[in-house]
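Each chain, letter by letter, is given below.
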Amino acid sequence: FPVQPGHWLLVHAAAGGMGQILAAWGRSLGATVIGTVGSADKREVALQAGCHHVVDYRADNFVAAVNDLTGGQGVHVVYDAVGKDVFLPSLDCLRPRGMAINYGTASGDVQAFELQRLHAKSLVVCRPTLRSYTATTDELRQSAATFAAAVRAGHVTARVDRRYALADVAQAHADLQGRRTTGAAILLP
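So, a few notes on the structure that sits alongside this text. (Residues numbered from 1 in each chain as written. Predicted model: local features only at pLDDT ≥ 70, side-chain atom pairs only at ≥ 80, totals over all residues. Heavy atoms only, no water.)

### Here's the deal with the overall build of the protein
No. 1: Each helix and strand in the protein was counted, giving 7 helices and 8 strands.
No. 2: On C-alpha atoms alone, the protein measures out to a radius of gyration of 17 Å, which is about the 16 Å that the 2.2 N^0.38 rule sets for 189 residues.
No. 3: With the C-alpha coordinates aligned to their principal axes, the bounding extent of the protein is approximately 50 × 40 × 30 Å.
No. 4: The buried share of the protein, reckoned over its 189 residues, is 40%.
No. 5: Sequence-distant contacts, at least 24 apart, represent 57% of the contacts inside the protein between residues at least 6 apart.
No. 6: Entry remark: accessible area of the protein is about 10400 Å², with carbon and sulfur atoms responsible for 54%.
No. 7: Taken together, the 18 basic and 15 acidic charged side chains of the protein have centroids lying 4 Å from each other. (Helix = DSSP H or I, 4+ residues; strand = E, 2+ residues; numbered from the N terminus. Rg over C-alpha atoms; globule rule 2.2 N^0.38 Å. Buried < 20%, exposed > 50% of the residue type's maximum accessible area, 1.4 Å probe, protein only. Contact = heavy atoms within 4.5 Å. Areas by Shrake-Rupley, 256 points an atom, 1.4 Å probe, with all protein chains shown as cover. Lys, Arg positive; Asp, Glu negative; His and termini not counted. Charge placed at Lys NZ, Arg CZ, Asp CG, Glu CD.)

Right, dumping it as structure tokens:
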């Protein structure tokens, strides 16, 4: 989605590694970023990452909050790493011709839904995978160069929240699945 100045973005799991990158990058491009988090303690992480507004989607109705914040207009794009718990309600947050991008399934896979649900506002749904965008060496290099340039310019920080020894990979997976992490988690040999 080509984010432009003045756009509104909804970033689910805004305290996570990818959520923090999306919030910071969106803000640097001139967008207003609404982030959702799954607990009160992740709110400050999302605000520090670049979100203008943060909603706890487990405690509050994020659809109502988004519609209030946007004056009923909705957001231009939703970035969804959560999946099952937030995907369908997220469609109600989009403005006409908006795009819902589901790239993760922290709460489970998105279930089948009526395609007609997209019709009234001409919505677009995308389910990208990184390997499709970095399939060739040139695409991979360009993607890495674009991200590195954003980091060098200070638009994005690659914040590492947790480090695990390779022998502790099971704990790393348990922490990720239990949503106990913020930022990136890395494995060390």
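Having seen the model, we can carry on.
### Overview of the sheet that holds strand β4 (residues 75–80)
Sheet strands pair by backbone hydrogen bonding; their relative direction is either parallel or antiparallel.
No. 1: Pairing in this open sheet of 6 strands is parallel, and the strands run β3-β2-β1-β4-β5-β6 from one edge to the other. Sheet topology places β3 (53–56) and β6 (124–126) at the edges, where each strand pairs with a single neighbour. The sheet shows a mean angle of 15° between the axes of neighbouring strands, taken without regard to direction.
No. 2: Where strand β2 (residues 32–37) lies against β3, 4 bridges are found, and the strand directions are parallel. When the bridges of β3 are listed, I34 appears paired with H53. (Pairing = 2+ DSSP bridges. Axes fitted to C-alpha atoms, helices over the stretch in contact; angles between N-to-C directions.)

### With respect to a nonpolar patch on the surface
No. 1: Residues L166, V169 and L187 make up a contiguous nonpolar surface patch of roughly 240 Å² in combined accessible area.
No. 2: Residue position: L187 is located in strand β8 (residues 184–188).
No. 3: Taking relative accessible area as the criterion, L187 reaches 41% and is therefore assigned partly exposed. (Patch = residues over 30% accessible without salt bridge, like charges linked within 9 Å, V, L, I, M, F, W, Y side chains within 5 Å. Salt bridge = Lys/Arg side-chain N within 4 Å of Asp/Glu carboxyl O.)

### Side note on the environment of G16
No. 1: Relative to the assigned elements, G16 resides in the loop between β1 (8–11) and α1 (17–28).
No. 2: Here the alpha-carbon distance between G16 and T134, two residues 118 residues apart in the chain, equals 22 Å.

### A word on the environment of R117
No. 1: Tracing the backbone shows R117 in the loop between β5 (94–102) and β6.
No. 2: The class of R117 is partly exposed, set by a relative accessible area of 35%.
No. 3: Residues contacting R117, with those up to four places away along its chain left out, are L88, L91 and D92.
No. 4: Polar contacts involving the side chain of R117 include one to the side chain of D92, which spans 3.1 Å. (Polar contact = N/O pair within 3.5 Å; in protein donor to acceptor, adjacent residues only side chain to side chain.)

### Brief notes about the layout of surface pockets
No. 1: If you add up the space inside the largest pocket, you get close to 1000 Å³.
No. 2: If you trace the largest pocket, you find 25 residues lining it, with M18, L22, W25, L130 and S143 closest to the centre.
No. 3: Those elements giving two or more residues to the lining of the largest pocket turn out to be α1, β5, α5 (130–133) and α6 (137–152).
No. 4: Class assignment for the residues of the lining of the largest pocket results in 19 nonpolar, 5 polar and 1 charged.
No. 5: Computed from the structure, the second largest pocket encloses a volume of approximately 730 Å³. (1 Å grid on protein atoms, 1.4 Å probe; cavity = no way out; pocket = protein on both sides within 12 Å on 5 of 7 lines; lining within 4 Å. Points joined across faces, edges and corners; volume = space filled by probe spheres on them. Nonpolar A, V, L, I, M, F, W, Y, C, P; charged D, E, K, R; others polar.)

### Observations regarding the nonpolar core
No. 1: Ranked by size, the top nonpolar core spans 20 residues in total, and within it L10, I34, F62, V75, L91, C93 and L94 carry the most contacts.
No. 2: Residue assignment for this core shows that the elements contributing at least two residues are β1, α3 (62–69), β4, α4 (87–91) and β5.
No. 3: Here this core takes 4 residues from α3, the largest share from any one element.
No. 4: Residues A14, A31, V33 and M99 belong to the second largest nonpolar core, which totals 19 residues. (Core = buried A, V, L, I, M, F, W, Y, C linked by side-chain atoms within 4.5 Å.)

### Description of the pairing of strand β7 (residues 160–165)
No. 1: Direction of pairing for β7 relative to β8: parallel, over a ladder of 5 bridges. Each bridged residue has a counterpart across the sheet, and for R162 the counterpart in β8 is A185.
No. 2: Between the parallel pair β7 and β8, the chain is carried across by helix α7 (residues 169–177), and the sense of this crossover is right-handed. (Right-handed = clockwise from strand over helix to strand, strands pointing away.)

Nothing here speaks to function; it is geometry throughout.
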